[in-house]
Amino acid sequence: MDTITTNLSMTKVHNDWEEILIEEMQQRYYKTLMSKLEAVYAERTVYPPAHRVFRALELTPYADVKVVILGQDPYHGAGQAHGLSFSVLPGVKLPPSLRNIYKELQDDIGCPPPAHGCLAHWARQGVLLLNSVLTVEEGQANAHRKLGWETFTDKLIGALNERERPIAFVLWGKQAQDKGRYIDRSRHLVIEEVHPSPLSAYAGFFGSRPFTKCNAFLRQHGIPEIDWIIPELEEEER
């Protein structure tokens, strides 16, 4: 189980997300969610570690978001989740979904997959690696579904939708696609595909070319493209 050295309900994101979310974090449902999480973190094994729950927001400020890659909930295996959707820290075995993402990345833009699974390189360029639910219990996918996170991430997507500069939204899986109702598709790009899990990847994920589609959209709007090629060494996310 995770040792919480600070009150999770008092956790702040130290960039422009803090101003965007300050009112939301005062809502009753959010305070209830934080209270439940405090108890669960103290009694059970929960991922990611408490200090990394909002890592995606910390690495990708609101004003910098160019692309949103939205998944379901964090990996539920030991040592995997670290606050960025689909990402694992260097040294952690690549989960099957990430292997499929790397396969599509190679087929799409022709780059060889890196040996590690850390996607912080994308996050620092403006790719918000977000899950619909931000915590999970060990060995139990969807354990924290309907705990309150969905309302919070609905707010995040709604706030991004209000941005004047267009954003490319990549929604992988049904839970992610449910967020599409908050996105103005006349201004933003929305790419909806099945989840990259081995259970569904062959039903439309492979061959979807999301990386070139995102860059084409960014280029069309005069926004610097994403360098999707992940360096072999990641220094920050240790």
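This structure is a prediction, so every number in the text was calculated from the model and none was measured.

Enquirer: Which residues make up the pairing of strand 5 (residues 168–172), and what are the values?
Expert: Within strand 5, five of the five residues are buried, leaving the element largely enclosed by the surrounding structure. Relative to strand 6 (residues 189–193), strand 5 is paired through five bridges, and the arrangement is parallel. By the bridge assignment for strand 6, Val 170 is matched with Ile 191.

Enquirer: I'd like to hear about the layout of surface pockets, residue by residue, with values.
Expert: Estimated volume of the largest pocket: approximately 480 Å³. If you trace the largest pocket, you find 31 residues lining it, with Asp 73, Pro 74, Tyr 75, His 76 and His 195 closest to the centre. Secondary-structure elements contributing two or more residues to the lining of the largest pocket are helix 3 (55–59), helix 4 (96–109) and strand 3 (127–131). Among the residues making up the lining of the largest pocket, the classes are represented as 17 nonpolar, 13 polar and one charged.

Enquirer: Which residues make up the packing of aromatic side chains, and what values go with them?
Expert: Applying the stated criterion across every chain, the model contains 13 aromatic pairs. Between Tyr 30 and Phe 152 the ring centres are 5.3 Å apart and the planes differ by 35°, which places this aromatic pair in the tilted class. Of this pair, Tyr 30 sits in helix 2 (residues 28–43) while Phe 152 sits in helix 6 (residues 149–161), placing them 122 residues apart in sequence. Accessibility assignment for this pair places Tyr 30 and Phe 152 in one class, buried. The interplanar angle of 70° and the centroid separation of 5.0 Å between the aromatic rings of Phe 211 and Trp 228 together place this pair among those described as edge-to-face. Of the two residues, Phe 211 is situated in helix 8 (residues 210–220) and Trp 228 in the segment after helix 8; the sequence distance between them amounts to 17 residues. Neither Phe 211 nor Trp 228 differs from the other in exposure class; each is buried. Each member of the aromatic cluster is reached from another via a ring pair, and the members are Tyr 29, Tyr 30, Phe 54, Trp 149 and Phe 152. Here the basic side chain of Lys 103 rests over the ring of Phe 206, its NZ or CZ set 4.7 Å away from the ring centre. One residue, Arg 163, lies across the ring of Tyr 62, its end atom 5.8 Å from the ring centre.

Enquirer: Give me the lowdown on unusual backbone geometry, citing residues and values where you can.
Expert: Here the amide bond leading from Tyr 47 into Pro 48 is cis, since omega sits at -5°, within 30 degrees of zero. Positive phi, normally seen in glycine, also occurs at Arg 209, with a value near 50°. Within the secondary structure, Arg 209 is located in the loop between strand 6 and helix 8. In this structure Arg 209 comes out as partly exposed when scored by relative accessible area, which is 41%.

Enquirer: Account for the sheet that holds strand 3, with residues named and values stated.
Expert: If you trace the four strands from one edge of the open sheet to the other, you get 3-2-5-6, paired in parallel fashion. Where the open sheet ends on each side, the last strands, each with one partner, are strand 3 and strand 6. Strand after strand, the sheet turns through a mean of 15° between neighbouring axes, direction not considered. Taken together, the four bridges between strand 2 (residues 67–71) and strand 5 define a ladder with parallel strand orientation. Within the sheet, the bridge partner assigned to Leu 70 lies in strand 5 and is Leu 171.

Enquirer: Requested: an account of helix 2, with residues and values cited.
Expert: A rise of 1.5 Å per residue sets the reference length of helix 2, with its 16 residues, at 22 Å; its end C-alpha atoms lie 23 Å apart and thus fit the reference within 8%. For helix 2, every residue scored as buried is listed here: Tyr 30, Leu 33, Met 34, Leu 37, Val 40 and Tyr 41. Buried residues along helix 2 cover an arc of 130° about the axis, so they all sit on one side. In helix 2, the exposed positions that point more than 90 degrees away from the buried face belong to Arg 28 and Glu 43. Buried residues along helix 2 sit against strand 1 (46–47), strand 4 (136–137) and helix 6.

Enquirer: Mind laying out helix 8, listing which residues take part and the relevant values?
Expert: Those residues of helix 8 not exposed but buried are Pro 210, Phe 211, Cys 214, Asn 215, Phe 217 and Leu 218. The buried residues of helix 8 occupy an angular sector of 160° when the element is viewed end-on, so they sit on one face. Exposed side of helix 8, more than 90 degrees from the buried face: Arg 219 and Gln 220 are the residues found there. The inward-facing, buried residues of helix 8 abut strand 2, helix 4, helix 5 (120–123), strand 5 and strand 6. Two residues or fewer past helix 8, Gly 222 is found with a positive phi of approximately 70°.

Conventions we followed
- Residue positions are given per chain, counting from 1 as you read along its sequence in written order.
- Whole-chain, interface and lining totals are the exception, using all residues; otherwise, since this is a predicted model, local features are given only for residues with pLDDT of at least 70 and side-chain atom pairs are given and counted only at 80 or more.
- Where side-chain values are given, they derive from all heavy atoms of the structure, hydrogens and water being excluded.
- Burial status follows relative accessibility: with a 1.4 Å probe on protein chains alone, a residue under 20% of its type maximum counts as buried, one over 50% as exposed, and anything between as partly exposed.
- By the criteria applied, helices consist of DSSP H or I runs no shorter than four residues and strands consist of E runs no shorter than two, each listed in order from the N terminus.
- In this description, strands pair whenever DSSP reports at least two bridges between them.
- Only protein atoms enter the 1 Å grid used here. Points where a 1.4 Å probe fits but cannot escape make up a cavity, open sets with protein on both sides within 12 Å along at least five of seven lines make up a pocket, and a residue lines them when an atom lies within 4 Å of a point.
- Grid points are joined across faces, edges and corners, and a volume is the space filled by probe spheres set on the points.
- In this classification, Asp, Glu, Lys and Arg are treated as charged, Ala, Val, Leu, Ile, Met, Phe, Trp, Tyr, Cys and Pro as nonpolar, and every other residue, Gly included, as polar.
- Pairs were defined over the aromatic rings of Phe, Tyr and Trp, the Trp ring being its six-membered one, requiring ring centres within 6.5 Å. Orientation was assigned from the angle between planes: stacked under 30 degrees, edge-to-face over 60, tilted for the rest.
- Comment: the charge-over-ring label is applied if NZ (Lys) or CZ (Arg) is within 6 Å of the ring centre and within 35 degrees of the ring normal.
- A fitted line through C-alpha atoms represents every axis, and for helices the fit uses only the stretch in contact; the resulting angles, taken between N-to-C directions, go from 0 to 180 degrees.
- The length a helix should cover is 1.5 Å for every residue beyond the first.
- The directions from the helix axis to the C-beta atoms are what the arc is built from.
- Between two residues, a contact is recorded if the distance between any of their heavy atoms is within 4.5 Å.

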